[in-house]
Amino acid sequence: MPVYSMTGFGKAEYKNGYELTVEIKTVNNRFLDILPKYPKSFIVFDDAIRKTVQSKLMRGRVELFFTFNDARDVEKELGTDVALAKAYYNSASLIAQSLNIENDLSVSKIVRMPEVVSQIASEADEDAIREIVLATLSQALDNLNIMRQAEGEKLKNDLTERINEVERLVGILEQNAPLVAENFRKKIEERVRNILETTQIDEARLLQEVAIFADKSNIDEELTRLKSHISQFRNIIQDKTPGRKLDFLIQEFNREANTVCSKANDVDVTNTALLIKCEIEKIREQIQNIE
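Residues numbered from 1 in each chain as written. Predicted model: local features only at pLDDT ≥ 70, side-chain atom pairs only at ≥ 80, totals over all residues. Heavy atoms only, no water.

Caption draft 1: Layout of the overall build of the chain. Summing up its helical and strand segments, the chain has eight helices and six strands in all. Reading the helices (α) and strands (β) of the chain from amino to carboxyl end gives β-β-β-α-β-β-α-α-β-α-α-α-α-α. The buried share of the chain, taken over its 291 residues, is 34%. Here the chain has roughly 17,200 Å² of accessible surface; of this, 50% comes from carbon and sulfur atoms. (Helix = DSSP H or I, 4+ residues; strand = E, 2+ residues; numbered from the N terminus. Buried < 20%, exposed > 50% of the residue type's maximum accessible area, 1.4 Å probe, protein only. Areas by Shrake-Rupley, 256 points an atom, 1.4 Å probe, with all protein chains shown as cover.)

Caption draft 2: Representation of the pattern of salt bridges within the structure. Under the counting rule described, the total for this entry stands at 20 salt bridges. Put simply, arginine 162 and aspartate 158 hold a salt bridge, and the shortest N to O gap is 3.1 Å. On the criterion of helical spacing, the pair formed by arginine 162 and aspartate 158 is a turn pair, its members being four residues apart in helix α4 (residues 123–196). Between aspartate 239 and lysine 245 there is a salt bridge, and its shortest N-O distance comes to 3.4 Å. Under the relative-accessibility criterion, aspartate 239 is labelled partly exposed at 26%. (Salt bridge = Lys/Arg side-chain N within 4 Å of Asp/Glu carboxyl O.)

Caption draft 3: Focus on the nonpolar core. Val166, Phe233, Phe253, Ile276 and Ile283 are the most contacted members of the largest nonpolar core, which totals 30 residues. Among the secondary structure elements, those contributing two or more residues to this core are α4, α6 (220–236), α7 (243–263) and α8 (267–287). The element that contributes the greatest number of residues to this core is α4, accounting for eight residues. Those residues in contact with phenylalanine 233 that lie beyond four places of it in its chain are Leu159, Ile163, Leu246, Leu249, Phe253, Ile283 and Ile287. The next biggest cluster of nonpolar side chains, apart from the first, holds 21 residues, and it includes Ala12, Tyr18, Ile49 and Val62. (Core = buried A, V, L, I, M, F, W, Y, C linked by side-chain atoms within 4.5 Å. Contact = heavy atoms within 4.5 Å.)

Caption draft 4: Quick look at the layout of surface pockets. In this structure, the second largest pocket encloses a volume near 160 Å³. Surrounding the second largest pocket, Met6, Asn28, Asn29, Arg30, Arg59, Gly243, Arg244, Asp247, Ile287 and Gln288 form its lining. Top element by residues in the lining of the second largest pocket is α7. It accounts for three residues. For the lining of the second largest pocket, the residue count by class is two nonpolar, four polar and four charged. (1 Å grid on protein atoms, 1.4 Å probe; cavity = no way out; pocket = protein on both sides within 12 Å on 5 of 7 lines; lining within 4 Å. Points joined across faces, edges and corners; volume = space filled by probe spheres on them. Nonpolar A, V, L, I, M, F, W, Y, C, P; charged D, E, K, R; others polar.)

Caption draft 5: The packing of aromatic side chains, seen in detail. Summed over all chains, the structure comprises seven aromatic pairs. Relative to phenylalanine 253, the ring of phenylalanine 233 has its centre 6.4 Å away and its plane inclined at 85°; by these criteria the two rings are edge-to-face. A residue pair is termed long-range when its members are at least 10 positions apart, and phenylalanine 233 in helix α6 and phenylalanine 253 in helix α7 qualify at 20 residues. Side by side, phenylalanine 233 and phenylalanine 253 carry an identical accessibility label, which is buried. (Phe/Tyr/Trp six-rings, centres within 6.5 Å; stacked < 30°, edge-to-face > 60°.)

Caption draft 6: Looking closely at the pairing of strand β3 (residues 32–37). In this structure, β3 lies alongside strand β4 (residues 60–70), joined through six bridges in parallel fashion. Pairing of leucine 35 across the sheet is with glutamate 63, part of β4. In this fold, the crossover linking β3 to β4 by way of helix α1 (residues 46–54) has left-handed handedness. (Pairing = 2+ DSSP bridges. Right-handed = clockwise from strand over helix to strand, strands pointing away.)

Caption draft 7: Representation of the packing of α7 against α8. Running from N to C, α7 and α8 point in directions that differ by 165°, and their axes come no closer than 9 Å. One finds that α7 runs roughly antiparallel with respect to α8. Here α7 and α8 pass one another in a crossing that is left-handed. Touching Gly243, Leu246, Asp247, Ile250, Phe253, Asn254, Ala257, Asn258, Val260 and Cys261 of α7 are Val269, Thr270, Ala273, Leu274, Ile276, Lys277, Ile280, Ile283, Arg284 and Ile287, all from α8. Its residues assigned to classes, the contact of α7 with α8 comprises 13 nonpolar, four polar and three charged. (Axes fitted to C-alpha atoms, helices over the stretch in contact; angles between N-to-C directions. Parallel < 35°, antiparallel > 145°, perpendicular 65-115°, else oblique. Left-handed = near helix turned anticlockwise from the far one by under 90°.)

Caption draft 8: A look at unusual backbone geometry. In the Ramachandran plot, asparagine 100 falls in the positive-phi region, its phi being about 55° despite a non-glycine side chain. Along the chain, the position of asparagine 100 falls in the loop between α2 (82–99) and α3 (107–110). Positioned with a positive phi, glutamate 115 is a non-glycine residue whose angle comes to about 70°. Within the secondary structure, glutamate 115 sits in the loop between α3 and β6 (117–120).

Caption draft 9: Structural view of the sheet that holds strand β2 (residues 18–27). The strand order β1-β2-β4-β3 describes an open sheet built from four strands, whose pairing is mixed. Two strands close off the open sheet at either side, each with one partner strand: β1 (8–16) and β3. For this sheet, the mean angle separating the axes of adjacent strands, direction not counted, is 15°. With 10 bridges joining them, β2 and β4 adopt antiparallel strand pairing.

Here is the structure:
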């Protein structure tokens, strides 16, 4: 299954009487957050626009930009928002009075203000425009997903390499972990000899201390869980939308690595566990970009 990045850009255009450009920009977000910016006349299409986006995107902050123009050579009916025109004029008058300058806002300038004068679409026109808007939006989303998939595959390859490195480091831990207790026994024995200045050592007591240390520093369970997490990671990353699952799983990775660091009592084991934590953090950052 392809993996999709949550970051991307898509664009599509329609030019046949009506002129429409749809641009889409997406960035990381925990949920699907749709932010459309369109002409006032497109408000009636808002629900359909959102449902179209939801059919092709699962997560991310989605910014939609619609640019529309009716270039048909037909008679058009215009509507005028007089209240909005008055608001523009009153604002201009207030600024002129505050700055002690002349208010040069003319009628010709007011009618060019956004949304003061707008075209009134008939029911037939509205149906045609709806079809064009949704089709062009769908094409822009497809173009967006092409880019997101290409970026997602790069992320997938990077994550695969990093989880392979984690697996390699876990293998080193498996090799070094059994030596920790033996190294501890040698250190304790050497210290006792130095303190007592004698070769007479209570072997039973020494073995007891080593056994207690070995039990406290045993990381077999953590290693088993880490290997299980690695296997789960490789399975989940094959899903179409693995982001949330991987985000949860990487928290489990981090928990096991922290436990290994706290139990190790060995420089080599601790250093290896810290390297695992570094890789886990890099993986966590990359996962934030995956849908």
